[in-house]
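# Summary of structural features
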Amino acid sequence: MKKYMGLMGRMGQISPFSRLVCATAMMLVLAVILMAQDAQAAGPGYGSTPAVGSTINVGSVVVGGTVSTPLTISETDTTTLIVSSHVFSGPNMSKFSIAPTTSFSIIDGGASKVLTITCKPTVAGTITATLTINHNAPVSPATYNLECTGLTPGYGSMPAISSTINVGSVAVGSAVSKTLTISETGTSILTVTTRVVGGTDAKSFVITPTATFSITDGGAPKDLTIVCKPTVVGVLSATLTINHNAGSPATYILNCTGLGVGYGSAPAPKAVIPVGSVAVGSTVNTTLTISETGNLLLMVTSISLSGTHVGDFSVSTNMAFTIADGGVAQSLTISCKPSVLGNRTATLTIVHNATGSPAIYTLNCTGLAPVYGSTPPMSGTISMKDIAVGSSGSAPLTINNTGNTTMTVTSINIGGVNPTKFNITSTTLTVASGKPQNVIINCTPTDTSTVTATLTINHDAANSPATYILSCTGAVPAAGYGSNPPPKGTVSVGSALPGNIVSKTLAINETGNIPLQVTDVSLSGDNATKFSVSPKTLTIANGGAPQNLIINCTPIATGTITATLTVNHNGTGSPATYTLSCLGATEVAGYSSAPPVKATIIMGNVAIGGTVSKTLAIKETGNTTLLVTSVEIDVEGDFSVSPKTLSIADGSTAAQNLIITCMPTVSGTVTATLTVNHNAPGSPATYNLSCVGTGTQTPTPTPTITPTETTTPTPTITPTETVTPTTTPTITPTETITPTATPTMTTTATPTITTTTTPTMTATTTPTATETPTPTATPQPGSGIIPPSGGQLSSEDGAVELEFPEDVFTNTTIVTITTATTATHPPMTGFKFANHVFVFVATEENGQAVTSFKEGKFITVTLTYTDTDWQNSGVTEDSLRVYWWHNDQWESVCDTCRPDKMLNMFTIPLNHFSEFAIFGQASSSMQRIYLPIVIKQ
C-alpha cells in the first residue's frame, strides 16, 4: 500500500490529464487491494485485564482462609471468541482455583467475561502457579503468572512461654501480682481466647482481664495481670494455659509464697502420746518435738497440763520459747509416774502464735502391777470328795493375774492338821497377765473320813500370802456315768439331704471315783439302720476328760426318723438309753473348711509382741445359704479373729475367709480353741490354734533334786570322753558339775537336775565336767506336739487332718505331716493320682523315732480334696480310694471307705506310718455295658 501511495505522490511531476488518468487507475487498483486485504483479516480476537503474560497477585489471606481477584476476558476482533479450558500448573497449583470452570464464548462486540481466581494458602509466605487459558483466537493459549501470600499470627510473651512465673511473696490472706505481656509476632491478627488456671493451688491464682482480645499485625502488646492470694504458708503452685489462634496453647508455671508462722510437732497436735508403761511409783519418759514449719518466727507462749490424772504427769519446762525460721527444733520431756494400777490420762496444752493455736495432746501412761486372784477365791476351801479309798484324787487351784504385769509365786506350802495327806504339782509359778495357771492338789485317802490341811501361797502382788483350806473325803470305789444330753434324753443328730450323712457327738463323762467303762453300744428301732455309732467301747479314767460317741445319720427320704441308742457301762443306772432324731430335709446348709474341722491350725513362730496370721477358708456345701452366726476364741489375749459373721450363698464356688491372728505375750507355745457357730449340721465347728512366741522370757524356777547319783553304767572317764547316762534328767544349759572324783575314777556327781530329757555329760581333766543337753526336737510348720492324752493336727495346707485318741503314743510325740501332688512311686495300672499325696512321721521329744502306734490303737485321718483334683486327673469321683505304699506296692487302706462327695472328704482309720495317696480309676479303663442285655440259658 505504501508503494502505491508513493507513486501517487510522484504524480505531481506529470501533466494534469495524465495525473487524472493515473489517479483513476491507481484508485481502482487500491480498492481491489484493500478489498482483498479486508477479506483476508476477518476473525476472533483475545484480550484480557490483566494482560496476557502478566503476573496476577491474587492477594494476602490468613493461612487456611481464601482470597480472590477477577480476570476479565474480551473479544477484540470481528468474530466469536471461544474459551475452551483453564489449566493450572506449578508446585502450588492445588492452592488456586478459577470460576466458572466451564467453557464459554464471547460474540464479536459482546460483553467481556469476568473469571474469579481464588487462592487458599496452607503455609505462610508467597506461593505461585501458572494459569493457562486455551481459546480459538490467534496466539492461543494465553498464560498468566499467579501469586498469593499466606499470613499467620504469631504469639510471643514476656516472660517467655513455658517459663516459671514467680508472682512473689505475701502474707497469708493478702495478694501479690505480676504482669504477663503478650505480643503478636507473626503476620496476622493474634486472637487470645481463654485463660485456664489449674493444678494443686489453682484457687489461689486469678488472671485479669478474662475477656477475649486481639492484637493486629504490628499492634501494641497486651498485658495480663496474675494475682496470687495464698491461703496457707509456703510455696503455692499452679499452671496457666492461654489458648490462642497461633499454635495454641501457651503454658506457664505459676508460683507464689505465702508467708506466716507454722507450728509442727512429733507426734502431731491432737495426737494421743503414749508415755509408756511402768511399775506403779516409778517414772517413764517420752519426748515431744516442736518445730517451726512456716517462714516466720514461732513463739510458744505457754505450756500447761490438765485433766483427770494431771498429778501423775509432768513436762520438762513450762517456760515460753521461740524458734526462728529454719531454726533447730525444741524437745519437751513428758514424764509419767503412775500412782495406781491402770491407765492414767492428762491433757497437754501448748499456746503459740501460729494458726491452729493452741496445740492440744492427750497423754497416756499405764501403771503396772500384778493382782492376785484365784478360783476358788482366797480363804476358800478346795474340796476333794468321793475319792475312792486307795486311789488318788485331785482338784485344781486356778491362780489368775488380773493385773497388767507378770506375777511371781515365790512359794507354795502345805501345813495344818494333815499336811502329809496332800501334795502339790508346783511350788513356784510365774503367772502372766490374763494367763491363768493351775496348781493341782492331790489327795490319796486311806479311809472314808475327811482330812484337812492349809495351803499357803506367797506371791509378789498385794495381799500376800493367799491361804486356803484343803479338804479330802474318801469314798467306796464306784464308777459314775454322765452324758450331755443326759440319759433318756433326745439327741437331735441334725438334718441332711436324703442320701447324705449328718453327724452329732454324744459327750460321756465319768462321774464316780473309778474308771468308767462303756462295754457296748447298740441301736434299735425301725430306722436303726439309718444310724451308726462309733466307737463301740471306751474307757474314761477317774477324773479323765469326757469322750465322745460319734452318731451318724443318713436319711433316705424327707421327714423325721428316730431310733433308740443303748449304752451299756459299769456305772450305776446301766444301760443308758437315748432317743435319736434325724431329719431328711429339702434344703440344708453344708459347712466345710480348709483346714478341716477339728484341725490344729499352726500359726508358726513370731517374736513376742509381733503378729502372725493364718486363713481359715469356709465353703457352703449344701443347697441353701450357709450362715456363720458367731466366732469365738477362748483365749482372746493371744489370738483374735475377723470377721465374726459370714453369709455364703448356695452355689457359691468361692470360699470366704476368717483371718486368725496370733500376737503372743509370752515365750513358748500358746494355744486356744476357735469355735465357729453356723446353721449347718455339725455346728459348732471347732479348731485348735497354736503359735510359738519367741524372745527372751524369764524362766520359771524349777524344783531341783540334789541326790548323790551314781551314773549307770559306771565308766572310767578319760579326758574329752562323753558318757550318756541311762537316766533321763534335763540338765540346765551352761550348768557346771564338779565330779567328786578325779578323771581316772568312777564318776559320782551331785548335779542339780530337772526332769525330762537325756543329757550328754562330758568330763575333762579340769576335772570339771560340763553337761550339755541333747537338743529337743522342735515342731516345724505342718507339725505339732501330741501328748499321750491325744490331740489333733492338720497339714500346712489344711488338706490332711490327723486325730489321735488317748494312749496312741506312750510318750509326748512330735508328728510332722508332709503333703505333695505327686507320689514317689508310680500308680497302679489303670489308676491315676488324684493330686493328693501325704507322708507323716513321728519322733519323741528326745529325737527318738516312733515307728508304730500302741497295739489296737487307730488314728482317724480326714482328707479333703477339690473337684478340680479328680477332674484334672482324668478319673471319676466314685472311683477315688486311699492307698498306702506297703511291700513295694500300693495297697488299699480301707476298701469300704468311700469319698463323701458332698463335702469332698475321706474319713479313714490308720494304724501305721507310710506314704499315702488318693487314686482314681482312669476313665478310659472304665467298662461300659450297652443295653439291652440278652441272657440266654
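Residues numbered from 1 in each chain as written. Predicted model: local features only at pLDDT ≥ 70, side-chain atom pairs only at ≥ 80, totals over all residues. Heavy atoms only, no water.

## Details of the sheet that holds strand β48 (residues 612–620)
Within a sheet, each strand pairs with its neighbour through backbone hydrogen bonds, oriented either parallel or antiparallel. Pairing is antiparallel in the open sheet, where four strands are placed in the order β46-β48-β52-β50. What marks the edges here is a single partner per strand, and that holds for β46 (591–594) and β50 (639–642). Going across the sheet, the axis of each strand differs from the next one's by a mean of 25°, ignoring polarity. Sheet topology note: the β50/strand β52 (residues 656–662) ladder contains four bridges and is antiparallel. Bridge pairing in β52 places S642 opposite I659. (Pairing = 2+ DSSP bridges. Helix = DSSP H or I, 4+ residues; strand = E, 2+ residues; numbered from the N terminus. Axes fitted to C-alpha atoms, helices over the stretch in contact; angles between N-to-C directions.)

## Digging into the nonpolar core
L802, F804, F809, V815, F840, I859 and V861 are the most contacted members of the largest nonpolar core, which has 35 residues in total. Those elements that place two or more of their residues in this core are β65 (800–804), β66 (813–820), β67 (831–844), β69 (859–864), β70 (881–886), β72 (905–910) and β73 (915–921). Looking at this core element by element, the count peaks at four residues for β67. The contact partners of F840, leaving out residues within four places of it in the chain, are L802, V815, T816, I817, F853, I859, L910, H912, F913, S914 and F916. Within the second largest apolar cluster, 30 residues are counted, among which are A432, V641, I648 and A672. (Core = buried A, V, L, I, M, F, W, Y, C linked by side-chain atoms within 4.5 Å. Buried < 20%, exposed > 50% of the residue type's maximum accessible area, 1.4 Å probe, protein only. Contact = heavy atoms within 4.5 Å.)

## A look at the pattern of salt bridges
Enumeration according to the criterion identifies two salt bridges in this entry. Between R344 and D312 there is a salt bridge, with its nearest N and O atoms 2.6 Å apart. Separated by 32 residues along the polypeptide, R344 in strand β26 (residues 342–352) and D312 in the loop between β22 (298–306) and β23 (313–315) bring together distant segments of the chain. Judged by relative accessible area, D312 falls into the buried class, the value being 9%. Between K435 and D638 there is a salt bridge, and its shortest N-O distance comes to 1.9 Å. Linking K435 in the loop between β33 (429–431) and β34 (437–443) with D638 in the loop between β49 (626–633) and β50, this pair joins segments that are 203 residues apart in sequence. For the residue pair K435 and D638, the accessibility class agrees, reading buried in each case. (Salt bridge = Lys/Arg side-chain N within 4 Å of Asp/Glu carboxyl O.)

## Concerning the sheet that holds strand β21 (residues 284–292)
With antiparallel pairing, the four strands of this open sheet are ordered in space as β19-β21-β25-β23. Two strands close off the open sheet at either side, each with one partner strand: β19 (263–266) and β23. Going from strand to strand, the sheet's axes swing by 25° on average, the running direction of each strand aside.

## Structural notes on the confidence of the model for the chain
Looking at the chain as a whole, the pLDDT averages 83, with 84% of positions reaching at least 70. Low pLDDT, under 50, characterises residues 925–937; the stretch is placed with three contacts to residues that sit more than four places away or in other chains. (pLDDT = per-residue confidence, 0-100.)

## Quick notes on the packing of aromatic side chains
Following the criterion strictly, the structure yields nine aromatic pairs and no others. Counting every residue linked through ring pairs, the aromatic cluster contains F831, F833, Y883, W885, W890 and F919. Over the ring of F104 we find K113, and its NZ or CZ is 5.6 Å from the ring centre. (Phe/Tyr/Trp six-rings, centres within 6.5 Å; stacked < 30°, edge-to-face > 60°. Lys NZ or Arg CZ within 6 Å of the ring centre and 35° of its normal.)

## Side note on the pairing of strand β16 (residues 222–228)
Sheet analysis places strand β12 (residues 176–184) next to β16, joined by seven bridges and oriented antiparallel. When the sheet's bridge partners are listed, K178 is paired in β16 with I226. Pairing of strand β14 (residues 205–208) with β16, which is carried by four bridges, proceeds in the antiparallel orientation. Each bridged residue has a counterpart across the sheet, and for V206 the counterpart in β16 is V227.

## As for unusual backbone geometry
The omega torsion of the bond from T49 to P50 falls at 0°, within 30 degrees of zero and hence cis. Inspection of the secondary structure puts P50 in the loop between β1 (46–49) and β2 (55–62). Residue V139 is not a glycine yet carries a positive backbone phi of 60°. In this structure, V139 sits in the loop between β8 (125–135) and β9 (142–151). For N463, which is not glycine, the phi torsion reads 65° and is therefore positive. When you line up the elements, N463 lands in the loop between β35 (450–459) and β36 (466–475).

## Details of the state of the cysteines
For the structure shown, the criterion picks out six disulfides. Here C228 pairs with C256 through a disulfide, and the sulfurs are 1.8 Å apart. Taken together, the residues C228 in strand β16 and C256 in strand β18 (residues 250–259) connect sequence positions 28 residues apart. By the burial criterion, C228 is buried, and C256 matches it. Here C553 pairs with C582 through a disulfide, and the sulfurs are 2.2 Å apart. In this structure, the disulfide formed by C553 and C582 twists by about -95° around the S-S bond and is classed as left-handed. Of this pair, C553 sits in strand β43 (residues 547–553) while C582 is found in strand β45 (residues 576–584), placing the two residues 29 residues apart along the sequence. Each of the two residues, C553 as well as C582, counts as buried. (Disulfide = S-S within 2.5 Å.)

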